[in-house]
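Single-letter residue listing:
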There are 2 protein chains.
Amino acid sequence: MYICPMYSSELIKGTLKTIVLNLLRDKGRMYGYEITAKVKELTDGKIQITEGALYPTLHSLEKNGELETEKEFIGKRVRKYYSLTSQGQETASQKVNELADFMNTMKFLLDLEPKLGNA
Amino acid sequence: MYICPMYSSELIKGTLKTIVLNLLRDKGRMYGYEITAKVKELTDGKIQITEGALYPTLHSLEKNGELETEKEFIGKRVRKYYSLTSQGQETASQKVNELADFMNTMKFLLDLEPKLGNA
DNA sequence: AAATATACATAAGATTCTTAAGTATTTAAT
DNA sequence: ATTAAATACTTAAGAATCTTATGTATATTT
């Protein structure tokens, strides 16, 4: 079995929003730094979201009405907790379903199994 | 079961080279237009590679020594057949393995199954 | 005291796609 | 016969999204 130390960045591209939305759906609310740490932990370091990728994505999702934020002070330091809006809940479901479907298609395409009818 | 008409472009990004290399490994040699048609057919139209994406990718892979070409005339029209170099064979294997590993990781991450040890 | 971890933000540059336009031959439809 | 659609390739402008780097600041560990 092939073991990959870390995935090439092209693969992460396109799945980041889905990862974030799904994690927030599961955990309720999280802050940015926590998301990077959780993804790294859950994937044994194989997916490491950089801050330069994450924060603009979070801002974009918030601007688009998928996420809402609450600020909290931990001592003197600010934390921004993100959670899904109701629209974000729907988007999360759609994105996860689409990715699951895509992965099935890719599996078929890469295995090049004989094509069966859809009946 | 969710059915997707066509995947959002972010998902295709990052998998195009892998798709092309794998198809060429399976078919021996193909020309560009044939690749777009084959992928569309195999995926029921869910993955439609545009020419603006494919041709630059083929040129890039050739420039990088993964592919080699033969020109053939069909009547007065030129066709460029692409096939894998020995380096391309290796790259194809690596890319497919990496993508398979990535999909396993993503499946785990999206299902959020309880983490099991790797022992 | 210094190094590392926590926690955010953002800008410049790279990559890779979409969209569009261009060229030209061949086949199918009217 | 003429037109439209399919075949077949190329390339450029623009958009999206990531990497890399920098900046700021607090908290914890060595």
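Residues numbered from 1 in each chain as written. Chains lettered and ligands numbered in written order. Predicted model: local features only at pLDDT ≥ 70, side-chain atom pairs only at ≥ 80, totals over all residues. Heavy atoms only, no water.

Chemist: What is the right way to look at the sheet that holds strand S1 (residues 29-31) of chain A in this model?
Modeler: One key point about sheets: their strands pair by backbone hydrogen bonds, in either a parallel or an antiparallel sense. Residues and elements named next belong to chain A. Strand order across the open sheet formed by 3 strands is S1-S3-S2, with antiparallel pairing between neighbours. The open sheet has two free edges, formed respectively by S1 and strand S2 (67-74), since each of these has just one partner strand. Ignoring which end each strand starts from, the neighbouring axes of this sheet average 35° apart. Summarising the sheet, S2 and strand S3 (residues 77-84) pair through 8 bridges and their orientation is antiparallel. Residue pairing across strands places Thr-69 opposite Tyr-82, the latter belonging to S3. (Pairing = 2+ DSSP bridges. Helix = DSSP H or I, 4+ residues; strand = E, 2+ residues; numbered from the N terminus. Axes fitted to C-alpha atoms, helices over the stretch in contact; angles between N-to-C directions.)

Chemist: I'm lost on the relation of the copies chain B and chain A in this one. Help?
Modeler: Note: a rotation about an axis with an accompanying shift along it relates these two copies of the chain. Here chain B sits on chain A after a turn of 180° about the axis and a move of 0.0 Å along it, with an RMSD of 0.0 Å. Such a combination of rotation and displacement between the chain copies is what one expects of a two-fold axis. Most of the interface of chain B is mirrored in chain A, where 100% of its interface residues again form contacts. (Least-squares fit on C-alpha atoms with pLDDT ≥ 70 in both. Contact = heavy atoms within 4.5 Å.)

Chemist: Just to check I follow, could you spell out the protein's contact with DNA strand D for this structure?
Modeler: The local shell around DNA strand D holds 25 residues, among which A:Arg77, B:Tyr33, B:Tyr55, B:Arg77 and B:Arg79 are the closest. What you see for DNA strand D is that sugar and phosphate hold 68% of its atoms within 4 Å of the protein. At 3.1 Å from a phosphate oxygen of DNA strand D is found a main-chain nitrogen or oxygen belonging to A:Lys76. One nitrogen or oxygen atom from the side chain of A:Arg77 is found 2.5 Å from a base oxygen belonging to DNA strand D. Looking at the surface near DNA strand D, the elements that each hand over two or more residues are helix H2 (16-27) and helix H4 (51-63) of chain A together with helix H3 (32-42), helix H4 (51-63) and strand S3 (77-84) of chain B. Tallying contributions element by element places H4(B) first for the surface near DNA strand D, with 5 residues. Residues that form the surface near DNA strand D fall into these classes: 7 nonpolar, 9 polar and 9 charged. (Near = heavy atom within 4 Å. Polar contact = N/O pair within 3.5 Å; in protein donor to acceptor, adjacent residues only side chain to side chain. Nonpolar A, V, L, I, M, F, W, Y, C, P; charged D, E, K, R; others polar.)

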